[in-house]
Amino acid sequence: MSVIGILLCGGSSQRMGFNKLTAPLGGRTAIEYSMRLMACCDRLIIAVTDDARAAVERVPLGIPVTLCDGGATRGQSVLNALRASHGQWGDVVAIHDAARCFQTAEAFDTAVQSARKNGSGVASLPMTDSVFQRDGSAPLDRASLVCTQTPQAFRFEEILSAYEQAGDQIATDDAALYARFIGPVTFTPGDPRGRKLTTPADWAWARSLVALPRTGTGFDTHVLGKGRKLILGGVEIPFEKGLIAHSDGDVLLHALMDALLGAASLGDIGHLFPDKDPRYENISSRVLLREVARCLREKGLTVTHVDVTVIAQRPKLAPFFPQARQNIADDLNIPLDRVSLKATTTEGMNDEGRGLCISAQAIANLI
């Protein structure tokens, strides 16, 4: 029995604030994830807006794909897609919202199999929250309620008939029309991953599913000299020498910034804050760290953990690290437990051991 898939890519994304269907999401778009989910169909009809058309055309699928114009409403888009089959009906049609791009193949297949057997198969989840009407009366019996998702699969000729009978009274849900004009709906198990991307909170959830871990490393060293303050992690440390540099010489934060920029593929601090630029002369490295944090946010990246090791024979640094950790957490706007600082000596060896310099190495993880 043949299956025609209908993919709806006509939403306006008004509540999201950007085009959720074409924005990058873990290296792909919501449209591409959904198209790949529906590659099991014999044929795919996609209702698109002008913005979505180019994104759809870039995805090679290996099955016949027909594009049609999306309508002013979801229901109109479905009807346009049903009519775009030009009489080449499948036995079953599976209608899916591209905004539910992480629905599982198992949920999709279960809905299709139910439609073949029962006439309909609508992916759904049990209601777990208490549900009240706005008038404050007694709660509804949640055991008798379900939350519908997509795909919603039906015998082709029956759902087409339902849509044509509905005329201008097209519902926001295919199952509602089927129940009104054809008969009772069969509900099949959906999946929490079939959540619809509607709000910024939904987008954050989606990013957490597909975020690719990024790792960067950083290293910095500066010579110790008289007449300079020793500043590490934004903390002034009493010592007879300080680190010589164009900025404040904070090797701890310099190594950290290079690790963060490396993980984000944004170059290094020498590129962002050239030591020939008078704006950065004696500048606090905390100011630079906050600018790096801004660049990460602009790229949509989140710091998950940083770890820095400072290499110095003297002075003893451990008493100053609690404040340094707090400074880093504050400047990156991350929880304190995502910041690790350590210090080590070289047992009197190398330039660090001879007290000529202090060095730092860092590793940063982002998603």
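Located above this text is the structure these notes cover.
Keep in mind that what you see is a predicted model, and the values were worked out from it rather than measured. (Residues numbered from 1 in each chain as written. Predicted model: local features only at pLDDT ≥ 70, side-chain atom pairs only at ≥ 80, totals over all residues. Heavy atoms only, no water.)

Novice: Teacher, can you tell me more about the packing of helix α8 (residues 251-263) against helix α10 (residues 285-298) here?
Specialist: Pairs of packed helices are described in terms of their axes, by the angle between the two and the distance that separates them. Interhelical geometry of α8 versus α10 gives an angle of 10° and a closest axis separation of 10 Å. Regarding the angle of α8 to α10, the classification is roughly parallel. When α8 is examined against α10, the residues Leu 253, His 254, Leu 256, Met 257, Leu 260 and Leu 261 are found in contact with a partner set consisting of Ser 285, Arg 286, Leu 288, Leu 289, Val 292 and Leu 296. Of the residues contributing to the contact of α8 with α10, the split by class is nine nonpolar, two polar and one charged. (Axes fitted to C-alpha atoms, helices over the stretch in contact; angles between N-to-C directions. Helix = DSSP H or I, 4+ residues; strand = E, 2+ residues; numbered from the N terminus. Parallel < 35°, antiparallel > 145°, perpendicular 65-115°, else oblique. Contact = heavy atoms within 4.5 Å. Nonpolar A, V, L, I, M, F, W, Y, C, P; charged D, E, K, R; others polar.)

Novice: Explanation requested: the pattern of salt bridges in the structure shown.
Specialist: Counting across every chain of the model gives 18 salt bridges. Here Arg 279 makes a salt bridge to Asp 277, at a shortest N to O gap of 2.8 Å. Classification of Arg 279 as exposed rests on a relative accessible area of 59%. With a shortest N-O distance of 2.9 Å, Arg 354 and Asp 351 are connected by a salt bridge. Of the residues examined, Asp 351 reaches a relative accessible area of 37% and is grouped as partly exposed. Through salt bridges that share partners, Arg 74, Asp 97, Arg 100 and Asp 174 make up one connected network. (Salt bridge = Lys/Arg side-chain N within 4 Å of Asp/Glu carboxyl O. Buried < 20%, exposed > 50% of the residue type's maximum accessible area, 1.4 Å probe, protein only.)

Novice: Whenever I open this one, the nonpolar core confuses me. Can you help?
Specialist: When a protein is soluble and globular, its nonpolar side chains tend to lie buried together. Among the nonpolar cores identified, the biggest contains 47 residues, and Leu 232, Leu 252, Leu 260 and Ile 328 are the most heavily contacted of them. Residue assignment for this core shows that the elements contributing at least two residues are β9 (230-232), β10 (235-237), α8, α10, β12 (303-311), α11 (321-332), β13 (339-344) and β14 (357-366). The biggest single contributor to this core is α8, with 10 residues. Not counting residues up to four positions away in its chain, the partners in contact with Ile 328 are Leu 252, Leu 253, Leu 256, Leu 289, Val 306, Val 339 and Leu 341. If you look at the next biggest cluster of nonpolar residues, it comprises 39 residues, including Ile 31, Ile 63, Ala 111 and Leu 197. (Core = buried A, V, L, I, M, F, W, Y, C linked by side-chain atoms within 4.5 Å.)

Novice: Looking at this structure, how should I read the side chain of Thr 346?
Specialist: Looking at where Thr 346 falls in the secondary structure, it is placed in the loop between β13 and α12 (350-353). Setting aside its immediate chain neighbours within four residues, Thr 346 contacts Ile 311, Gln 313, Glu 352 and Gly 353.

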